Amino acid sequence: MTPKKINFKSISHDRYTFYLDKAMEFFEAMVDASQKKNWNAAGLAGVHCCISATDALLVKHAGIRSSSYSHQDVVGLLSAKINDPDTSRQAKRLGEILAQKNLIEYVDKSFPEKHAQALKISVERYLEWVRKLL
């Protein structure tokens, strides 16, 4: 079977800081929303934090970012392009974080506090790994 082609855009390596800045802004929004017990907003900000953090990492190390319609496709790019002993574990974590996006946005119930708190911990761990590599 032929591997799935993942669409991406080439971007100058030095532009990674723009994506990192976005990631940090989403991270702050997640923390603020958590403090206010706005669990839907906290969860969605956490997901977007990881999307932007992944863009920063891929831009810095590979000069690319995903342009796929599916956020899950970036997990494959991360696995293929980032050479680090923790990449496999962190790519799995990223996939689990991204899977929460549809639950938060499109399911007809609020994102529970318990899930938002667990997601926040995953986001913190993922962002810590990304920042270590940047």
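Above this note sits the structure.
None of the values given here were measured: they were computed from a predicted structure. Residue positions are counted from 1 within each chain, in the order its sequence is given. Reporting in this predicted model follows two pLDDT cut-offs: at least 70 for local features of residues, and 80 or more for side-chain atom pairs to be given and counted; totals over whole chains, interfaces and linings ignore these cut-offs and use all residues. The basis for every side-chain value is the complete set of non-hydrogen atoms in the structure, without hydrogens or water.

Participant: Where do I start with helix α3 (residues 73-81) in this structure?
Facilitator: Quick reminder: α-helices carry 3.6 residues per turn. Residues three or four places apart thus point the same way. Type-normalised accessible area, obtained with a 1.4 Å probe on protein chains alone, sets the label of each residue: buried when under 20%, exposed when over 50%, and partly exposed for intermediate values. A run of H or I in DSSP counts as a helix once it spans at least four residues, and a run of E counts as a strand once it spans at least two, with each numbered from the N terminus. Among all positions of α3, only D73, V74, V75, L77 and L78 are buried. The contact criterion used throughout is that any non-hydrogen atoms of two residues lie within 4.5 Å. Looking at the packing, one finds that the buried side of α3 touches β1 (8-10), α2 (39-62), β2 (64-66), α4 (87-106) and α5 (113-133).

Participant: How should I be thinking about the state of the cysteines in this particular structure?
Facilitator: In protein chemistry, a disulfide is the covalent bond that joins the sulfur atoms of two cysteines. We call a pair of cysteine sulfur atoms a disulfide whenever their separation is within 2.5 Å. The full count for this structure, using the stated rule, is zero disulfides. With no disulfide of its own, C49 lies 5.0 Å from the sulfur of C50, the closest cysteine sulfur. The exposure class assigned to C49 is buried, which follows from its relative accessible area of 0%. Its relative accessible area of 0% is what places C50 among the buried residues.

Participant: Looking at this structure, I do not really get the packing of aromatic side chains. What am I missing?
Facilitator: The geometry of an aromatic ring pair comes down to the distance between the two centres and the angle between the two planes. Only centres within 6.5 Å qualify two rings of Phe, Tyr or Trp (six-membered ring in Trp) as a pair; their planes then separate them into stacked at under 30 degrees, edge-to-face at over 60, and tilted for everything else. The final tally for this structure, using the stated rule, is one aromatic pair. Judged by centre distance (5.8 Å) and plane angle (45 degrees), the ring pair of Y126 and W129 falls under tilted. Residue Y126 and its partner W129 are both found in helix α5; the two are separated by three residues, about one turn of the helix. Y126 gets classed as buried once you look at its relative accessible area, which sits at 0%. Owing to a relative accessible area of 4%, W129 belongs among the buried residues under this scheme.

Participant: So what exactly am I meant to see when it comes to the environment of L44 here?
Facilitator: You can see L44 is positioned in helix α2. Under the relative-accessibility criterion, L44 is labelled partly exposed at 22%. Each C-alpha atom of the pair L44 and Q100 lies 8.3 Å from the other, and the pair is 56 residues apart in sequence. Apart from residues lying up to four places away in sequence, L44 is in contact with K101, I104 and E105.

Participant: Looking at this structure, I do not really get the pattern of salt bridges. What am I missing?
Facilitator: Any two side chains of opposite charge can pair, given that their charged atoms come close. The term salt bridge refers to a pairing of a side-chain nitrogen on Lys or Arg with a carboxyl oxygen on Asp or Glu at a separation within 4 Å. Under the criterion given, the structure shown has six salt bridges. Across the pair D55 and R65 runs a salt bridge, and its minimum N-O distance is 3.5 Å. In this pair, D55 sits in helix α2 while R65 sits in strand β2, placing the two residues 10 residues apart along the sequence. The salt bridge involving E124 is made with K120; its shortest N-O contact spans 2.9 Å. With E124 and K120 both in helix α5, this residue pair falls four residues apart, about one helical turn. Looking at E124, the relative accessible area reads 29%, which means it is partly exposed. Through salt bridges with shared partners, one network takes in D86, R89 and K132.

All quantities given are derived from atomic positions and should not be read as evidence of function.
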